[in-house]
Amino acid sequence: MLLAEKSAFLLETNFANTTKKGALSYSGKSFADGEEKSSGLSQVISYGVNKRFSIGLQLNYLIADDTSWSYGSASMIAGTKNTYKSSGIVDPSLGFKYRVCDMERCKGLLDVVLKVSPKLMSAKSAAANGPKGNGGKGGTDLNLGIDFGQKYSALQWKLLARVGHEMKRTTKELSDNSVSKIDSRTNYDFGLRFLYSAHFRS
């Protein structure tokens, strides 16, 4: 729920690390077991236009995205393990935040957030056990949301609601150099998040 003060800059650094696992079966037999490990870093630079409105630039870097599939007895390639790896710079985002209500008036913080990530890079999808993919998305993303929460010194929590629209995109498949086209889609995200912020002053 941080908001840059008027005529001041605010820097935020975020690190994310996730692990996902899944399994596919066919006729009661194992088809494949999958695992995805991903880590990324982002740096947000915000500027306070006034006490309620800020504009920010988010720079992103995909440290590593490793996905592996181990095929079981129900697969025609049983015993095979395919690994797909990607890393690199991710398309940046331009964000706008407007504070509708503050702690004094609403006993909470209410923000409206708009984020635009234009297509600046081509997307390349990793080949199995071969060339790495990159961090490009291959299309433009739009995201609109509402955040409500409270801030106590360095600790804060927020409830968020987001609607995101991914426009049509293209991806180059490094396995055979073909091009895949993906239709646009809309995503919805609801959640509760806790954040801790460290402040350093000279």
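Please refer to the structure placed before this passage.
Residues numbered from 1 in each chain as written. Predicted model: local features only at pLDDT ≥ 70, side-chain atom pairs only at ≥ 80, totals over all residues. Heavy atoms only, no water.

Caption draft 1: Geometry of the overall build of the chain. The helix and strand tally for the chain stands at 1 helix and 12 strands. Its C-alpha atoms give the chain principal-axis dimensions of roughly 65 × 35 × 35 Å. Among the 202 residues that make up the chain, the fraction classed as buried is 34%. Taking the intrachain contacts of the chain between residues at least 6 apart in sequence as the baseline, contacts between residues at least 24 apart amount to 60%. Charge separation in the chain, taken as the distance between the mean sites of 28 positive and 18 negative side-chain charges, equals 3 Å. (Helix = DSSP H or I, 4+ residues; strand = E, 2+ residues; numbered from the N terminus. Buried < 20%, exposed > 50% of the residue type's maximum accessible area, 1.4 Å probe, protein only. Contact = heavy atoms within 4.5 Å. Lys, Arg positive; Asp, Glu negative; His and termini not counted. Charge placed at Lys NZ, Arg CZ, Asp CG, Glu CD.)

Caption draft 2: Examining the sheet that holds strand E10 (residues 169–173) more closely. Here 3 strands make up an open sheet; going across it, the order is E6-E10-E11 and the pairing mixed. The sheet is open, and its two edges are formed by strand E6 (123–125) and strand E11 (178–182), each paired on a single side. Averaged over neighbouring strand pairs, the angle between their axes works out to 35° when direction is ignored. As judged from the 5 bridges shared by E10 and E11, these two strands associate in the antiparallel manner. Paired with Thr-170 across the strands is Lys-181, a residue of E11. (Pairing = 2+ DSSP bridges. Axes fitted to C-alpha atoms, helices over the stretch in contact; angles between N-to-C directions.)

Caption draft 3: Inspection of the side chain of Arg-169 at higher detail. Note that Arg-169 resides in strand E10. A relative accessible area of 9% means that Arg-169 is categorised as buried. Of the polar contacts made by the side chain of Arg-169, one reaches the backbone oxygen of Lys-137; its length is 3.3 Å. Sequence-distant contacts of Arg-169, defined by excluding residues within four places in its chain, comprise Lys-137, Gly-138, Gly-139, Thr-140, Asp-141, Ser-180, Lys-181 and Ile-182. (Polar contact = N/O pair within 3.5 Å; in protein donor to acceptor, adjacent residues only side chain to side chain.)

Caption draft 4: Fine view of unusual backbone geometry. Its identity is not glycine, yet Ser-27 carries a phi of approximately 55°, on the positive side. With respect to the helices, strands and loops of the structure, Ser-27 is situated in the loop between strand E1 (9–26) and strand E2 (29–48). Unusually for a residue other than glycine, Lys-107 sits at a positive phi of about 55°. Inspection of the secondary structure assignment puts Lys-107 in the loop between helix H1 (103–106) and strand E5 (109–117).

Caption draft 5: Up close: the state of the cysteines. A complete count under the given rule lists 1 disulfide for this structure. Here Cys-101 pairs with Cys-106 through a disulfide, and the sulfurs are 1.4 Å apart. Because the sign of the S-S torsion sets the handedness, a value of about 70° for the bond joining Cys-101 and Cys-106 places this disulfide among the right-handed ones. The exposure class assigned to Cys-101 is buried, which follows from its relative accessible area of 7%. (Disulfide = S-S within 2.5 Å.)

So, to be careful, I would describe these as geometric facts and stop short of saying anything about function.
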